[in-house]
Every structure is written in C-alpha cells, then in structure tokens.
Amino acid sequence: MENVFIMEHPLIQHKISMLRKKETGTNEFRKLIEEIAILMGFEALRDLPLEDVAVETPIEKCMTPMIAGKKLAVVPVLRAGLGMVNGITTLVPSAKIGHIGLYRDPVTHEPHEYYCKLPDPIEQRLIVVVDPMLATGGSAVSAVDFIKQHGGKSIKCMFIIAAPEGLKRLHETHPDVQIYVGHLDRGLNENAYICPGLGDAGDRIFGTK
Ligand code: PRP
Ligand code: URA
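Residues numbered from 1 in each chain as written. Chains lettered and ligands numbered in written order. Predicted model: local features only at pLDDT ≥ 70, side-chain atom pairs only at ≥ 80, totals over all residues. Heavy atoms only, no water.

Caption draft 1: Here's a closer look at the pattern of salt bridges. Considering all chains together, one arrives at eight salt bridges under this definition. Its salt-bridge partner being Arg 79, residue Asp 203 comes within 3.2 Å of it at the nearest N-O pair. Residue Asp 203 is found in helix 6 (residues 201-206), and its partner Arg 79 is found in the loop between strand 4 (72-78) and helix 3 (82-91); the two are separated by 124 residues along the sequence. Its relative accessible area of 12% is what places Asp 203 among the buried residues. Between Asp 176 and Lys 148 there is a salt bridge, with its nearest N and O atoms 2.8 Å apart. In this pair, Asp 176 is assigned in the loop between helix 5 (164-173) and strand 11 (178-184) and Lys 148 in helix 4 (residues 138-149), connecting sequence segments 28 residues apart. A single salt-bridge network, built from bridges that share partners, covers Arg 79, Asp 203 and Lys 209. (Salt bridge = Lys/Arg side-chain N within 4 Å of Asp/Glu carboxyl O. Helix = DSSP H or I, 4+ residues; strand = E, 2+ residues; numbered from the N terminus. Buried < 20%, exposed > 50% of the residue type's maximum accessible area, 1.4 Å probe, protein only.)

Shown next as structure tokens:
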C-alpha cells in the first residue's frame, strides 16, 4: 500500500513485545513508549529535506547538510498519544506541539472530541500525529479531519500497534497521509480492542483503572 510503512526493525519489535506483557508496569511502559517513538520517528523522518549550509570547522570552511524547509508540529491524540511526544521532541527539539482530545465511546466505539489546539499557522508545517493505537480508525480519521480543517496539508501518522481494520479505514479516507505502524496485529475483538494488542494504552501509560 502506497503511503503505508510497517516497521521491521528488531529493536522496535522487541520493545513492542515488552509493552504487550501484562506484567509490564506503568514506569517501564512509559519508558518503552517513548523509546519506540524515538525509533519510529527516526524511520518516519528519514525523508526530511536537507540543504547545504556554510560552516567553519576548526580545520576549514565547508558546506554541510542541515534540515531544511518545513518546520515540524507533533500532535498527540489525547490521552495515550502524550506518551510519544518526548520521543519526537528528542529528535526535533524545536517542534511545536498541538493537542487533539478524543475518547472512544465504550459502547459505540465512535470518537468524541473534547479538545483541539493546534499551532497557528499550520499550513507550512510537517505534522506528525502520534497515538500508540489504531483500532477501528475512528479516532485517527477524526484527528486528521481536524488537522485538515485547520489547514494542515503535509501529514504523517505514527501508531505503535495497528489493526488491519483501522489501517484500511485511515488509508482509504486519507490516502495522502503517510502512515507508520510499529506492528500490524491480527484484528479487533467484539469490544473493538486490538488482538493481541496491549490492552488500553491510556490506562497503562497513566496508571488509571
Ligand atoms: C485509544 C487510543 C486511540 C483510540 C484508538 O484512546 O489511544 O486514540 O483509542 O481507537 P479507534 O482506532 O477505535 O478510534 P481512548 O479513546 O481509549 O482514549 P485514552 O487515550 O484517553 O485512553
Ligand atoms: N484503544 C486502546 O488503548 N487499545 C485498543 O486495543 C484499542 C483502542
């Protein structure tokens, strides 16, 4: 699928397996989420444009490549996406941060918006949406809808675990968006949880429930 990138790096796979374990406690879970965000961010940002700039080393003057062009905005989908923000800002400390608050209705599984604050203007920025889980795809589709309504044009989404159902829905609704997935799981259960998944990402990051 064009614009869909499934990660294969062994470090990402190993850390996702550690996340899945039900014995993994909040502290370790948060650390792993952040480390995986760094590793996935490294992959997702490999097409950032470069430009040669003049630099003087202790030896001589030279032209040397630095990141050019678009500035970055990282947009976590609350709550669980917050766990991935530090991973991206470790790579790009100057990134602006937007927030989109969505929760899934436990019965209908439809997303409900409760907050949206994005960097303004956003048109010229590369926007990286982060959320550990892509299940039915309802939250991700809504998040990208909001960003496009605010003028966002260049959008990448990063998910640590995705279900095929959500990946298909997001890709079909927003085929221009580049989607990065740490691991593609088997599918959804009757409660729209990802199987085998890792349970409720927000609750595991924040120690709720
Ligand atoms: C989780 C997850 C995604 C969403 C995925 O958030 O972090 O945002 O569910 O499900 P979907 O693809 O079916 O929409 P949740 O709504 O549980 O909120 P939380 O992060 O506050 O726990
Ligand atoms: N949200 C989660 O946190 N986990 C799932 O498996 C599905 C949605």
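Caption draft 2: Spotlight on the environment of Arg 104. Its location among the elements puts Arg 104 in strand 6 (residues 99-104). Residue Arg 104 is classed as partly exposed on the basis of its relative accessible area of 26%. In sequence terms Arg 104 and Asp 200 are 96 residues apart; their C-alpha atoms lie 11 Å from each other. Apart from residues lying up to four places away in sequence, Arg 104 is in contact with His 109, Glu 110, Pro 111, Ala 135, Thr 136, Ser 139, Asn 191, Ala 192 and Tyr 193. Among the polar contacts made by the side chain of Arg 104, one reaches the main-chain carbonyl oxygen of Ala 192 at a distance of 2.9 Å. (Contact = heavy atoms within 4.5 Å. Polar contact = N/O pair within 3.5 Å; in protein donor to acceptor, adjacent residues only side chain to side chain.)

Everything listed here is a matter of coordinates, which is why it stays silent on function.
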